[in-house]
There are 2 protein chains.
Amino acid sequence: MRGIEWLVDVRGCNEVALGDPDAIVALFETIVERAGLRPIGRPVWHQFPTTGGITAIWMLRESHLTIHTFPEFRSASLNLFCCTPRPAPGWREIIERTFGPAGEVGVRECPREYGDPVRTAAGMPPSAEAARP
Amino acid sequence: MRGIEWLVDVRGCNEVALGDPDAIVALFETIVERAGLRPIGRPVWHQFPTTGGITAIWMLRESHLTIHTFPEFRSASLNLFCCTPRPAPGWREIIERTFGPAGEVGVRECPREYGDPVRTAAGMPPSAEAARP
C-alpha cells in the first residue's frame, strides 16, 4: 500500500490571518471539503503568545492535517498525509482563499509506503482506508 | 529560517505493539526525551476498531510528532517536524525499543524553509524556537 503526503511551504502571506485561529480552522475545513477527507473530532490548536504563531492539527480517517504558522516571517508550513493516494487539491487557490495572495507556495509530494505486497496479495484488505470505516 | 522534518516509514514490526496505545505513548516519550523536545499537553490518539491501527499526534513547541500504525501490514508511518534543525535521533534504535526488531526503517530528512532572510537580518528573532518560550 502506498499513501501520499504533501509538504506545503508558504511564504509572503498576510500576517494577520496567520495569527487568527478562526482563519486556520476555516483553511482546514476547506482542505477537508476539497480533498474529500473524513475528520476525527475537531482540530486541536495552540497559539504561541510571543509571536501569535499557531500550531494546529486535525486527525483524519485518512491520516492527518497539520499547520504551523509564523506571522513574524509571514509564512506557514502545512502537511496533509493521506493513507490512500488522491489528486492534489489546488494548494495555491486554497491557501490564498484564507491567507490572501501568497508570494510563494512550495509543494512537495512524498509517497509513503506502508503495505506489504506479499500479505496484500494473500488476501489482506485492498486498502487501509477501506479498513478504516 | 529552516526547520527539519523526518519521514520515518517502518515495516516488518511486531503487530501487537503497533496496536497498543501504551506502546505508542512510550515511543513518543522516548523520542521527546532523545531529541530534547518540549511537548504541549499530552498526545492525542485514535484507535481504528477494524484493524486496531492507531493514529497519534503530539503537539510540540518545536512543531509536531505524529504516527499512523498499520498492524495489518506490520508497518507504521511517523513524522517529526522541528522548526529548528537538530541531529537526527537514532531512529532504528528508538523504533526497535518499542516495536521489536523491524525489517525496514526508511528515513527521509526534509528541510522546511519558513523564514525570510531579509527580515531576519533586519532584527527579527534569531530562531522561531527562541520566540516560542
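## With respect to the pairing of strand β3 (residues 54–60) of chain B
Residue and element names in this part refer to chain B.
1) Next: Counting buried positions along β3 gives seven out of seven residues, so the element sits mostly inside the fold.
2) Next: When strand β2 (residues 44–47) meets β3, the two strands line up antiparallel, connected through four bridges. When the sheet's bridge partners are listed, Gln 47 is paired in β3 with Ile 54.
3) Next: The loop that links β2 with its antiparallel partner β3 comprises six residues; one of these, Gly 52, has a positive phi angle of about 80°.
4) Next: Pairing analysis gives six bridges linking β3 to strand β4 (residues 63–70), with the strands arranged antiparallel. Within the sheet, the bridge partner assigned to Trp 58 lies in β4 and is Leu 65.
5) Next: Taken together, β3 and the strand that follows it, β4, pair antiparallel across an intervening segment of two residues.

## Quick look at the nonpolar core
1) Next: Core analysis: the largest hydrophobic core is formed by 62 residues, its most contacted members being Val 10, Phe 28 and Ala 76 of chain A together with Val 10, Phe 28 and Ala 76 of chain B.
2) Next: At six residues, β3 of chain B tops the list of elements feeding residues into this core.
3) Next: Those residues within four positions of Val 10 of chain A in sequence are excluded, and the remaining contacts are Ser 75, Ala 76, Ile 95, Phe 99, Ala 102, Glu 104 and Val 105 of chain A.

## Let's talk about helix α2 (residues 21–35) of chain B
Residues and elements named next belong to chain B.
1) Next: Helix length check: α2, at 15 residues, gives a terminal C-alpha distance of 21 Å against a target of 21 Å (1.5 Å per residue), a fit within 8%.
2) Next: Every buried residue belonging to α2 is among Ile 24, Leu 27, Phe 28 and Ile 31, and all of these are buried. Take α2 and look down its axis: the buried residues cluster within an arc of 95°, on one side only. Along α2, the residues that are exposed and aim more than 90 degrees away from the buried face are Asp 22 and Glu 33.
3) Next: On its buried face, α2 is in contact with β2, β3, β4, β5 (75–82) and α3 (91–99).
4) Next: Directly beyond the C-terminal end of α2, a positive phi value near 65° is found at Gly 36.

What counts, and where the lines are drawn
- Residues numbered from 1 in each chain as written.
- Chains lettered and ligands numbered in written order.
- Predicted model: local features only at pLDDT ≥ 70, side-chain atom pairs only at ≥ 80, totals over all residues.
- Buried ≥ 20, exposed ≤ 12 C-beta atoms within 10 Å, placed from the backbone.
- Helix = DSSP H or I, 4+ residues; strand = E, 2+ residues; numbered from the N terminus.
- Pairing = 2+ DSSP bridges.
- Core = buried A, V, L, I, M, F, W, Y, C linked by C-beta atoms within 7 Å.
- Contact = placed C-beta atoms within 7 Å.
- Expected span 1.5 Å × (residues − 1).
- Arc of directions from axis to C-beta.

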